[in-house]
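Next come the chains, spelled out residue by residue.
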Amino acid sequence: MRRHRKRGGPPVVLVYHRVGSCALDPLLLTVSPERFDAQMRVVREHFEPIDAETFAALAVEDRLPPRAVCVTFDDGYLDNLTNAAPILERRGVPGCVFVATGLVEGGVESWWDAIEPIVAGVRRAHGELRLVDEGGEIVIGGLDDDPDALEGWNVEMPDRTPRHALYRRLLSWLHDRPVARIAEHLGRLRAWVGADASPRTERRFMTIEQVGKAARAPGITIGGHTHHHPVLATLPFHAQVAEIAAGRRALETWTGRAPSVFAYPFGTVDQYRPESRGAVAAAGFEFGFANMNAAPSGAHRFEIPRMIVRDWDDATFVRKLEGRS
């Protein structure tokens, strides 16, 4: 049997969203199946893959081995089941999918995905649209620049055209709105540009039945991610508990098992509050994961750090896992 040299590096939890391909990916949420397969090969051959529940328990007890790697996915995209799960099984790497149950039940694209075709569809002929709510307003004018400008562009790049600036401005403006308000604004935006509300194939979420199938797939754990995927920092404590618990109840019904692990929507420390850790506990979870630059060993039970993965080649992926910039 061939032996592979184990690489050094600190324990790490990896965050993925989509495993597939798409022309538009301004938020850098997609990793190609080929890159993902290569990354999982690296994890299997050179590191110590550990499932989310075991990793969390060892992290809290400060007993993680130095090369421990935990693979997670946020939101519940369909390609986690169709593309990622077979690769994980073939490579012998466990994975955890944190599912926002409202996105599954809704049968539509997430708002952060839905604004891509809306912004791409804005033309000068559309004139001007004013969106107003209790939090403020945004005025959007018709554009005459390249409607395909978003292709190949992402938010880490400078704004090359007014369309890029509009995408960034709309993304920021919608972000902290209540879920119901976001839906209202999306409805007006779609009507304004004539955009279709049907989800694109590469942006689909699993159905309820597919979440159950994922839960039965070898090596896959299902975790909680709230119901509506709100910014928890914008909600009072009781509403946070309600959101987190609603997602947990739905997942228990769909899979036959109440999840023990949770990941904060949007993930970074400014997207939830210190009291949110108590909300996760009150909702019945044992562990919580956040997206932050910190070591997972000895972490708080409800704030175990994770690192977002991009569509990196092997060398970049290894460098990141080994703790090198």
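Residues numbered from 1 in each chain as written. Predicted model: local features only at pLDDT ≥ 70, side-chain atom pairs only at ≥ 80, totals over all residues. Heavy atoms only, no water.

Colleague: Go over the side chain of D74, please, and point to the residues and values.
Modeller: Structurally, D74 is set in strand β5 (residues 68-75). Relative accessible area serves as the criterion here: at 2%, D74 is assigned to the buried category. Each residue touching D74, except ones within four places of it in the same chain, is listed here: V15, Y16, H17, F98, H225, A263 and R306. (Helix = DSSP H or I, 4+ residues; strand = E, 2+ residues; numbered from the N terminus. Buried < 20%, exposed > 50% of the residue type's maximum accessible area, 1.4 Å probe, protein only. Contact = heavy atoms within 4.5 Å.)

Colleague: Could you give an account of empty space enclosed by the protein, naming the residues involved and the relevant values?
Modeller: If you roll a probe as big as a water molecule over the atoms, it shows you where there is empty space left. According to the stated counting rule, one finds 2 cavities of 30 Å³ or more in the structure shown. Empty space within the largest cavity amounts to approximately 40 Å³. Taken together, E109, A114, P117, I118, R190, A195, D196, A197 and S198 make up the full set of residues lining the largest cavity. Residue composition of the lining of the largest cavity, by class: 5 nonpolar, 1 polar and 3 charged. There is about 30 Å³ of room inside the second largest cavity. Taken together, N80, L81, A85, V97, M206, A214 and I220 make up the full set of residues lining the second largest cavity. Sorting elements by how many residues they give to the lining of the second largest cavity places helix α3 (residues 79-91) first, with 3 residues. Of the residues that constitute the lining of the second largest cavity, the class distribution is 6 nonpolar, 1 polar and no charged. (1 Å grid on protein atoms, 1.4 Å probe; cavity = no way out; pocket = protein on both sides within 12 Å on 5 of 7 lines; lining within 4 Å. Points joined across faces, edges and corners; volume = space filled by probe spheres on them. Nonpolar A, V, L, I, M, F, W, Y, C, P; charged D, E, K, R; others polar.)

Colleague: Requested: an account of the packing of aromatic side chains, with residues and values cited.
Modeller: A complete count under the given rule lists 12 aromatic pairs for this structure. Between Y77 and F205, the aromatic rings sit 4.5 Å apart at their centres with planes inclined by 20°, giving stacked as the arrangement. Placement of Y77 in the loop between β5 and α3 and of F205 in the loop between α7 (179-193) and α8 (208-216) is noted, with a sequence separation of 128 residues between them. As far as the burial class goes, Y77 and F205 line up, both buried. Pairing F98 with F289 gives two aromatic rings, centres 5.7 Å apart and planes at 50°, and the pair type is tilted. (Phe/Tyr/Trp six-rings, centres within 6.5 Å; stacked < 30°, edge-to-face > 60°.)

Colleague: Which residues make up unusual backbone geometry, and what values do they have?
Modeller: Positive phi, close to 55°, is recorded for L28, a residue that is not glycine. Examined against the element boundaries, L28 turns out to sit in the loop between β2 (18-19) and β3 (30-31). Of note in the backbone geometry, H229 takes a positive phi value of approximately 60° without being a glycine. Looking at the element boundaries, H229 is found in the loop between β9 (220-224) and α9 (237-255). Take H229: its relative accessible area is 5%, and that puts it in the buried class.

Colleague: Go over α3 with me, naming the residues and quoting the values.
Modeller: Across its 13 residues, α3 extends 17 Å between first and last C-alpha, which sits within 8% of the 18 Å expected from 1.5 Å per residue. Largest kink in α3: about 35°, centred on A85, with the proline P86 one to four residues after it. Where α3 is concerned, the buried positions are D79, N80, L81, A84, A85, I87 and L88. One or two residues past the end of α3 sits G92, with phi positive at roughly 70°. (Expected span 1.5 Å × (residues − 1). Bend = angle between axes of the 7 residues up to and from the residue.)

By themselves, these observations are geometric and do not establish any function.
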